[in-house]
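Overview (structure and organization)
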Amino acid sequence: MAVPKVVGLETEYGISSPGRPDLNPSLLSALLVTSFVGPGQRARWDFEGEHPTRDARGFERPREEGAEEETGLASVILTNGARYYVDHAHPEYSTPECADPRTLVVHDKAGERILEASAALVPMIHEGVGRVVVYKNNTDGKGASYGCHENYLVDRATPFPRIVRDLMPFLVTRQVFTGSGRLGGAGDPPFQISQRAEFFEAEVGLETTLKRPIINTRDEPHADPDKYRRLHVIVGDANMSELATYLKVGSTALVLLLIEEDLLGQDLSLESPVEALHRVSRDLSLKETYSLKDGRKMRALDFQWSYLEASAEYVEARGEPPWGKEVLSLWERTLVGLERDPWELSDTLDWVAKLRLLQEYRERRGIAWGDARLALIDLQYHDVRREKGLYYRLLAAGRMRRLVTEEEVVRATREPPAETRAYFRGACLERFPTAVSSASWDSVTFDVGEEALKRVPMPEPLRGNKALVGPLLEKARDAAELLTLLGS
């Protein structure tokens with residue numbers, strides 16, 4: 001049987017200081033993190049169990065000298081169970097582990113609010129820095145790309161070659177609803193569905209910044225390594241639309257359930273996945289076909305219909321996961337809309353909303369596609385400031401749909417999800433901030449005044465939840481008593 005799909009997102013944000021272009025982006029990113037957590041934050045991220053160079057194909061590449069030092073520039077844990085840090089000169093927000101796609105959308109949006117608040121705090125705390133602007137996008141427009149990575153809990157027993165074979169066509173073609181849209185290219189209009197697609201050069205590999213692969217092989221489970229694998233998906237765009245994020249994560253989780261139980265039913269292997277990834281991104285008509293290894297030709301939407309139908313059979317037969325039917329309904333409505341007229345989805349999908357915004361502005365002003373103002377609109381769509389970002393302007397005008405409430409999002413900036421081990425991590429930091437020495441995804445380390453630090457391992461992502469440890473946390477007067485209760 002497939003394991004429950006515990007999910008998470010890691011989003012690197014674009015950052016700019018318009019009045020101080022001389023500022024080092026790594027330093028500026030560190031100022032964001034430290035300004036938000038304040039001087040009283042003691043707990044730091046525990047790097048001891050991190051193995052980013054371990055490959056799912058059975059080997060480990062030597063670590064590059066100095067790699068950890070940059071990551072450790074600023075790396076903290078928040079009371080909502082998230083990790084907030086600097087990675088490759090970008091501020092990065094990693095959501096806490098979530099037990100379902102909707103909860104993940106809430107915590108992904110909470111990340112936007114935290115970055116928005118951080119950017120507002122920096123000039124107030126650090127004199128001379130000036131205004132800081134943060135963008136939830138994937139490219140700086142100058143040839144560099146940064147990621148929004150997805151994480152899915154997968155059964156270790158599932159053969160990795162099967163994951164590669166069955167997931168590859170899905171990831172190549174799902175961009176028809178996950179793409180955030182990007183101005184640029186040789187088409188008419190010069191626009192691409194995905195911001196990330198053209199930055200991928202390989203089918204399978206360990207890299208995340210150079211020669212990026214469609215299937216990433218990082219083998220770093222952050223859980224019991226004998227039972228679980230954490231599938232690290234790096235090929236997706238960062239989405240502003242809540243429904244696009246929900247569909248991206250929910251559909252991928254359903255497909256992984258199929259793969260774990262070997263129920264896809266047919267081999268949809270593409271003849272040339274990297275080429276197809278690039279072509280799908282440029283095909284605004286959604287009518288181009290792509291060659292399979294068995295000689296068939298299918299459109300991107302045909303692939304998605306095949307995965308949807310297999311997923312619907314799975315959910316119907318199993319009666320689970322509990323969120324499955326809602327994801328299937330949105331998935332079907334989205335594919336129907338894309339078949340009929342993508343404009344119907346301008347309130348749902350980022351790439352359609354952005355393209356429509358660009359088209360409307362261009363027609364009102366009577367300008368060519370090469371006008372620099374359109375590039376600014378492209379970027380401004382991703383501004384996380386709710387009074388400035390164009391996505392948020394569309395939302396305020398009723399032109400984008402929401403999935404979650406703002407009250408849920410605000411609460412998630414402080415509180416962890418109740419259903420996973422993130423609850424224990426976040427609640428401990430909230431209740432006993434001076435006693436938490438460090439934490440990672442699978443452990444919390446306490447300093448209770450004894451000679452040795454006390455490390456609490458958390459190898460099971462669905463344990464350490466509120467139902468299991470909430471009563472102990474309420475009963476414990478301090479961290480030492482909590483450790484005693486846990487030990488008993």
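Not measured: the values here are computed from a predicted model.

Rules used in this analysis
- Residues numbered from 1 in each chain as written.
- Predicted model: local features only at pLDDT ≥ 70, side-chain atom pairs only at ≥ 80, totals over all residues.
- Heavy atoms only, no water.
- 1 Å grid on protein atoms, 1.4 Å probe; cavity = no way out; pocket = protein on both sides within 12 Å on 5 of 7 lines; lining within 4 Å.
- Points joined across faces, edges and corners; volume = space filled by probe spheres on them.
- Nonpolar A, V, L, I, M, F, W, Y, C, P; charged D, E, K, R; others polar.
- Buried < 20%, exposed > 50% of the residue type's maximum accessible area, 1.4 Å probe, protein only.
- Helix = DSSP H or I, 4+ residues; strand = E, 2+ residues; numbered from the N terminus.
- Pairing = 2+ DSSP bridges.
- Phe/Tyr/Trp six-rings, centres within 6.5 Å; stacked < 30°, edge-to-face > 60°.
- Lys NZ or Arg CZ within 6 Å of the ring centre and 35° of its normal.

Notes on empty space enclosed by the protein
Under the defined criterion, the tally for this structure stands at three cavities of 30 Å³ or more. The space that makes up the largest cavity amounts to roughly 60 Å³. Around the largest cavity sit L171, R174, Q175, T178, S194, A197, V235, G236, D237 and L277, which together line it. Of the residues belonging to the lining of the largest cavity, the class tally is four nonpolar, four polar and two charged.

As for the pairing of strand β1 (residues 7-12)
When you tally the buried positions in β1, you get six out of six residues, the bulk of the element. Direction of pairing for β1 relative to strand β10 (residues 148-155): antiparallel, over a ladder of five bridges. Its bridge partner being in β10, E10 is matched across the sheet by H149. As paired elements, β1 and strand β8 (residues 90-94) share three bridges and run antiparallel to each other. Looking at the pairing, E10 lines up with S94 of β8.

Some words on unusual backbone geometry
A cis amide bond links D188 to the next residue, P189, at an omega of 5 degrees. As for its position among the elements, P189 is in the loop between β11 (182-183) and β12 (191-192). E320 connects to P321 through a cis peptide bond whose omega is 0 degrees. On the secondary structure map, P321 appears in the loop between α8 (300-318) and α9 (324-340). Residues other than glycine seldom take positive phi values, yet A89 does so here, at roughly 70 degrees.

So, the packing of aromatic side chains
A complete count under the given rule lists eight aromatic pairs for this structure. Relative to Y307, the ring of F170 lies with its centre 5.2 Å away and its plane at 70 degrees, an arrangement referred to as edge-to-face. With a gap of 137 residues between them, F170 in helix α4 (residues 160-173) and Y307 in helix α8 connect regions that are remote in the sequence. By the burial criterion, F170 is buried, and Y307 matches it. When the centroid spacing of 6.1 Å and the interplanar angle of 75 degrees are considered together, the rings of F170 and W331 count as edge-to-face. Here the residue F170 occupies a position in helix α4, and W331 occupies one in helix α9, the gap between them amounting to 161 residues. W331 carries the same exposure label as F170, and that label is buried. Here a set of aromatic residues connected by ring pairs shows up, and it is made of F36, Y84 and Y93. One residue, R83, lies across the ring of Y85, its end atom 3.7 Å from the ring centre.

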